[in-house]
Amino acid sequence: MQTITPYLLYEDVEAALEFLSRAFGFEEVLRYTGSAGYISHAEMRHGDGTIMLGDPGPDYRNPRRLGEATVQVYVDVDDVDALYERATAAGAEVIDEPSDQEYGDRRFGARDPEGHSWWFAQRVREVAPEQWGAQPARSGR
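Residues numbered from 1 in each chain as written. Predicted model: local features only at pLDDT ≥ 70, side-chain atom pairs only at ≥ 80, totals over all residues. Heavy atoms only, no water.

### Things to note about helix α3 (residues 80-89)
Val-80, Leu-83, Tyr-84 and Ala-87 are the residues of α3 that are buried. The arc that holds every buried residue of α3, seen down its axis, measures 105°, which confines them to one face. Exposed and facing more than 90 degrees away from the buried side of α3 are Glu-85 and Ala-89. If you follow the buried residues of α3, they end up packed against α1 (13-24), β3 (39-46), β6 (93-100), β7 (105-111) and β8 (117-123). (Buried < 20%, exposed > 50% of the residue type's maximum accessible area, 1.4 Å probe, protein only. Helix = DSSP H or I, 4+ residues; strand = E, 2+ residues; numbered from the N terminus. Arc of directions from axis to C-beta. Contact = heavy atoms within 4.5 Å.)

See the structure below:
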């Protein structure tokens, strides 16, 4: 089995753990506090997916401080509208309201307090890639 796990960097991992749990429904799996006295590594789960969080130290600048997106995380969920309500109630910065997409997902976008972009989506209909302008990769590529 192969798995890809996003590892997101935060200036304040403890605050990120609290926000991601409250706003987006992630569940904390573990945390590691290093000798410097702050959480330098943590892991969270959302459904079958896992993310890792880390604090690389004082020289790191999050996307909010940089003034630009550095990554976007796309998360499949069972009820995107309920999660949108939860996220907005928790103060998430909405960057795109829930809407149906031509490729078959209903999704919304939000930023966490450190500026990471999150996209939450629910498949609402099956759409062939060719119907919305994409081309499936040919085998052997």
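### Quick notes on the pattern of salt bridges
Applying the stated criterion to the full structure yields ten salt bridges. The partner of Glu-93 in a salt bridge is Arg-64, and the shortest N-O contact between them spans 3.0 Å. One end of the pair, Glu-93, is in strand β6; the other, Arg-64, is in helix α2 (residues 63-66), and 29 residues separate them in sequence. Taking relative accessible area as the criterion, Glu-93 reaches 32% and is therefore assigned partly exposed. A single network of salt bridges, built from pairs that share partners, joins Arg-64, Glu-93 and Arg-111. (Salt bridge = Lys/Arg side-chain N within 4 Å of Asp/Glu carboxyl O.)

### Thoughts on α1
In a regular helix each residue adds 1.5 Å, so twelve residues correspond to 16 Å; α1 covers 15 Å between its end C-alpha atoms and thus fits that length. Those residues of α1 hidden inside the fold are in contact with β2 (27-33), β3, β4 (49-54), α3, β7 and β8. The residue sitting at the N-terminus of α1 and contributing the capping side-chain oxygen is Asp-12; that oxygen lies 3.3 Å from the backbone nitrogen of Glu-14. (Expected span 1.5 Å × (residues − 1). Polar contact = N/O pair within 3.5 Å; in protein donor to acceptor, adjacent residues only side chain to side chain.)

### Observations regarding the pairing of strand β5 (residues 72-76)
Of the two faces of β5, the one holding Val-73 and Val-75 is buried and the one holding Gln-72, Tyr-74 and Asp-76 is not buried anywhere. Judged from the five bridges that link them, β5 and β8 form a sheet pairing that is parallel. Of the residues in β8, the one forming a bridge with Tyr-74 is Trp-119. (Pairing = 2+ DSSP bridges.)

### Things to note about the sheet that holds β6
The four strands lie next to each other as β5-β8-β7-β6, forming an open sheet whose pairing is mixed. Single-partner strands in this sheet number two, and they are β5 and β6. The sheet shows a mean angle of 15° between the axes of neighbouring strands, taken without regard to direction. Inspection of the sheet shows β6 paired to β7 by five bridges, in the antiparallel sense. Of the residues in β7, the one forming a bridge with Glu-93 is Arg-111. Contacts from α3 reach β6, β7 and β8 within the one sheet, and its direction differs from that of β7 by about 15°. (Axes fitted to C-alpha atoms, helices over the stretch in contact; angles between N-to-C directions.)

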